[in-house]
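Coordinate inspection notes
Given next are the chains, with one letter for each unit.
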Amino acid sequence: MSPLPILETLAVAALLQAGPQEADRLMALAEAASHQELVTETRLHPEETREAFRELLSSSPTDPPPSAGRLAAAYSEAWTDPFLLNRYRRFLGWSLEQRTSKLTADSLRQAGNEAYTAGGVDEALRPWRESLAIVETLDDTVGVARSLGNIGAGYYGAGQLDSAAVYYERSHELALAGGDFVAAANALTVLALLSKEAGDLAAAGSLGLRALGMHERVGALRSAGFDHHNLGLVALALGDLEGARSELETAIRISQRTGRQDDEADHLSSLADVMIAGGDYEEAETALARALDLDQQTGNRLGEAGVRHSMGLLMLVRGDYGAAVVELQEALDIYQSMGRTADAVSAMADLARARAATGDVRRGTLDLREAGRLAETIQLGPAVRADLALAAGDFALLLNEFDQARADYREAERLYRSQTDHAGVAASLHGQAFVYLYQTRFENAVNALE
């Protein structure tokens, strides 16, 4: 009953590097500061240190600057993590041709990241695969792990969830083997989200906690925020609204500390879902308005779509059906423009229900049919299939096809229960009660409502 979490935003954002301003400062310090000063700085700014290290290596493949080694040594001491130092030594051991190939692979992977966050799944997969091919020739375990993680995100965006899981599992395995705890933890974060999508909340919680521990171990604060977000979604699915709110508020504080307004918007959007589940509609609307403002400021179109989807569902719950249609149509347009088929199916099903509520059954029927057609082209998780079944039940009821409506509502109930989606279960039972009322089976209606 809520839009799909914007999994790719969380997954790929965790793989992107820190912003350039602090990294530039650390690059300058690596030239002039003492070792102990560098240890202190890298302890305070681990994510920026990793970005500065990457920039230093890419600045001169023919003659890698000693400052990259100094920065790596300081990081190793500060975090008891030899990863950067090992990478520096590996880079020095490569020939000029190999170094150039490695930097080309990194550039391709970054280009894929940028294409992905702009919404182009197909455009992102091409450079990611080219990057993977290069690092495989270099026998670069860490590079392969990161490229596999990126491609896994692409498969998720294409609705191929099983393939996504396979890529992330392999990415995690190789990242651990290469000592890259950040990439290993990133993979766990997404595997946790995939487990939640599949309805395995126990696995989602366990993987989320493991990811959080690994991210905290190496100071990956921003990524730890995503883990708190994920754990909040698990708590929400379990009906623990207080726990969900606590996790998401922690994620918001982290995003404010790191200065990532796009992350804050994602966390606020999910916090609004918790508020809606608790009946705090006005508070939810305020949170969504703030999230929408942040997404528009940062140009995060995918985030904006998710917020508008949530706003549409809130308007639907509050009975403002015209406003719901407007918001859901906006969300759908963005999803479709960005190739987000699974999200588009979910929004289209919700839009069909909103149109029906306004009395526009004809257009709602067309939306529902198109959602069903698109659903057949991809692998959908149970959450979206439940939304489709619920919408189908609503339309069957409107058409007085009572047996079909009851079957659709029961299927929706089954799927929502598998996701521990209490709001979805309630909506499905509400639909069944209406079927019984129309059939004057009042005792059955009362039982469904209870």
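So, how was this worked out
- Residue positions are given per chain, counted from 1 along the sequence in the order it is written.
- At least 70 in pLDDT is required for a residue's local features to be given in this predicted model, at least 80 for side-chain atom pairs to be given and counted, and no such filter applies to totals for whole chains, interfaces and linings, which use all residues.
- Excluded from the side-chain calculations are hydrogens and water; all other atoms, namely the structure's heavy atoms, are used.
- Under the scheme used here, helices are H or I runs from DSSP no shorter than 4 residues and strands are E runs no shorter than 2 residues, and both carry numbers assigned from the N terminus.
- Radius of gyration here is computed from C-alpha atoms only, and the compact-globule reference equals 2.2 Å multiplied by the residue count raised to the power 0.38.
- Each residue gets one of three labels from its accessible area relative to the maximum for its type: buried under 20%, exposed over 50%, partly exposed in between, using a 1.4 Å probe on protein chains only.
- Per residue, pLDDT captures the predictor's confidence, and it can take any value from 0 to 100.
- A pair of aromatic rings is counted whenever rings of Phe, Tyr or Trp (Trp by its six-membered ring) have centres within 6.5 Å, and the orientation is called stacked for planes under 30 degrees apart, edge-to-face for over 60 and tilted otherwise.
- Two joining distances apply to patches: 9 Å for like charges and 5 Å for nonpolar side chains (Val, Leu, Ile, Met, Phe, Trp, Tyr), and every residue must have over 30% relative accessible area and no salt bridge.
- Accessible areas in this description were obtained via Shrake-Rupley with a 1.4 Å probe; residue shielding takes into account the shown protein chains only.
- Salt bridges are counted wherever a side-chain nitrogen of Lys or Arg sits within 4 Å of a carboxyl oxygen of Asp or Glu.
- Only heavy atoms matter for contacts: two residues are in contact if any of them lie within 4.5 Å across the pair.
- A helix is expected to span 1.5 Å multiplied by its residue count minus one.
- Between the N-to-C directions of two axes lies an angle of 0 to 180 degrees, each axis being a line fitted to C-alpha atoms and, for a helix, fitted only over the stretch in contact.
- Under this scheme an angle from 65 to 115 degrees is roughly perpendicular, one under 35 degrees roughly parallel, and one over 145 degrees roughly antiparallel; angles in between are oblique.
- Helix crossings fall into two classes, left-handed where the near helix is turned counterclockwise from the far one by less than a right angle and right-handed where it is turned clockwise.
- Each residue is assigned to one of three groups, with Ala, Val, Leu, Ile, Met, Phe, Trp, Tyr, Cys and Pro labelled nonpolar, Asp, Glu, Lys and Arg labelled charged, and all others, Gly among them, labelled polar.

1. A look at the overall build of the protein chain
The helix and strand tally for the protein chain stands at 24 helices and zero strands. Taking 22 Å as the expected radius of gyration for a compact globule of 450 residues, we find that the protein chain reaches 24 Å, a close match to that expectation. Taking the principal axes of the C-alpha coordinates as reference, the protein chain spans close to 80 × 40 × 35 Å. Taking all 450 residues of the protein chain together, 58% fall into the buried category.

2. Regarding the confidence of the model for the protein chain
Averaged over all residues, the pLDDT of the protein chain equals 88, while 92% of them reach at least 70. Taking the mean pLDDT of every element in the protein chain, the minimum, 45, falls on helix α1 (residues 7-15) and the maximum, 96, on helix α5 (residues 66-79).

3. Some details on the packing of aromatic side chains
Counted under the stated rule, the structure contains three aromatic pairs. Taking 6.2 Å as the distance between ring centres and 70° as the angle between the ring planes, the aromatic pair formed by Phe91 and Trp94 counts as edge-to-face. What makes Phe91 buried here is its relative accessible area of 3%. Seen from their ring centres, Tyr116 and Trp128 are 5.3 Å apart, and the 40° between their planes marks the pair as tilted.

4. Here we look at a nonpolar patch on the surface
Together, Phe434, Leu437 and Tyr438 make up a nonpolar patch on the protein surface, roughly 290 Å² of accessible area in all. Looking at the element boundaries, Tyr438 is found in helix α23 (residues 422-438).

5. Quick notes on the environment of Ala396
For Ala396, the location among the structural elements is in helix α21 (residues 382-398). Sequence separation of Ala396 and Thr365 is 31 residues, and the distance between their C-alpha atoms is 10.0 Å. When sequence neighbours within four positions are dropped, the list of residues in contact with Ala396 reads Glu401, Gln404, Ala405 and Asp408.

6. Considering α21
Quick reminder: α-helices carry 3.6 residues per turn. Residues three or four places apart thus point the same way. Counted at 1.5 Å a residue, the expected span for α21 with its 17 residues is 24 Å, and the 24 Å between its end C-alpha atoms agrees. Counting buried positions over the 17 residues of α21 gives 12, a clear majority of the element. Among the residues of α21, those classed as buried are Pro382, Val384, Ala386, Asp387, Leu388, Ala389, Leu390, Ala391, Gly393, Phe395, Ala396 and Leu397. Of the surrounding elements, those touching the buried residues of α21 are α11 (181-197), α19 (341-358), α20 (361-375), α22 (402-418) and α23.

7. So, helix α8 (residues 121-137)
Taking 1.5 Å per residue as the helical rise, α8 with its 17 residues ought to reach 24 Å, and the 25 Å between its terminal C-alpha atoms agrees with that figure. Restricting attention to buried positions, one finds in α8 the residues Val121, Ala124, Leu125, Pro127, Trp128, Ser131, Leu132, Ile134 and Val135. Taken together, the buried residues of α8 touch α7 (96-117) and α9 (141-157).

8. Here we look at the pattern of salt bridges
For the structure on display, the rule yields 27 salt bridges. Arg222 is the salt-bridge partner of Asp263, the closest N and O atoms lying 2.6 Å from each other. Here the residue Asp263 occupies a position in helix α15 (residues 261-277), and Arg222 occupies one in helix α13 (residues 221-237), the gap between them amounting to 41 residues. An identical accessibility class is assigned to Asp263 and Arg222; each is buried.

9. Section: the packing of helix α14 (residues 241-258) against α15
For the pair α14 and α15, the least separation of the axes is 9 Å and the interaxial angle reads 160°. With respect to their mutual orientation, α14 and α15 come out roughly antiparallel. Between α14 and α15 the crossing geometry is left-handed. Every residue of α15 that contacts α14 at Leu241, Ala244, Arg245, Leu248, Glu249, Ala251, Ile252, Ser255 and Gln256 is listed here: Asp263, Glu264, His267, Leu268, Ser270, Leu271, Val274, Met275 and Ala277. For the contact of α14 with α15, the class distribution of residues is 10 nonpolar, four polar and four charged.

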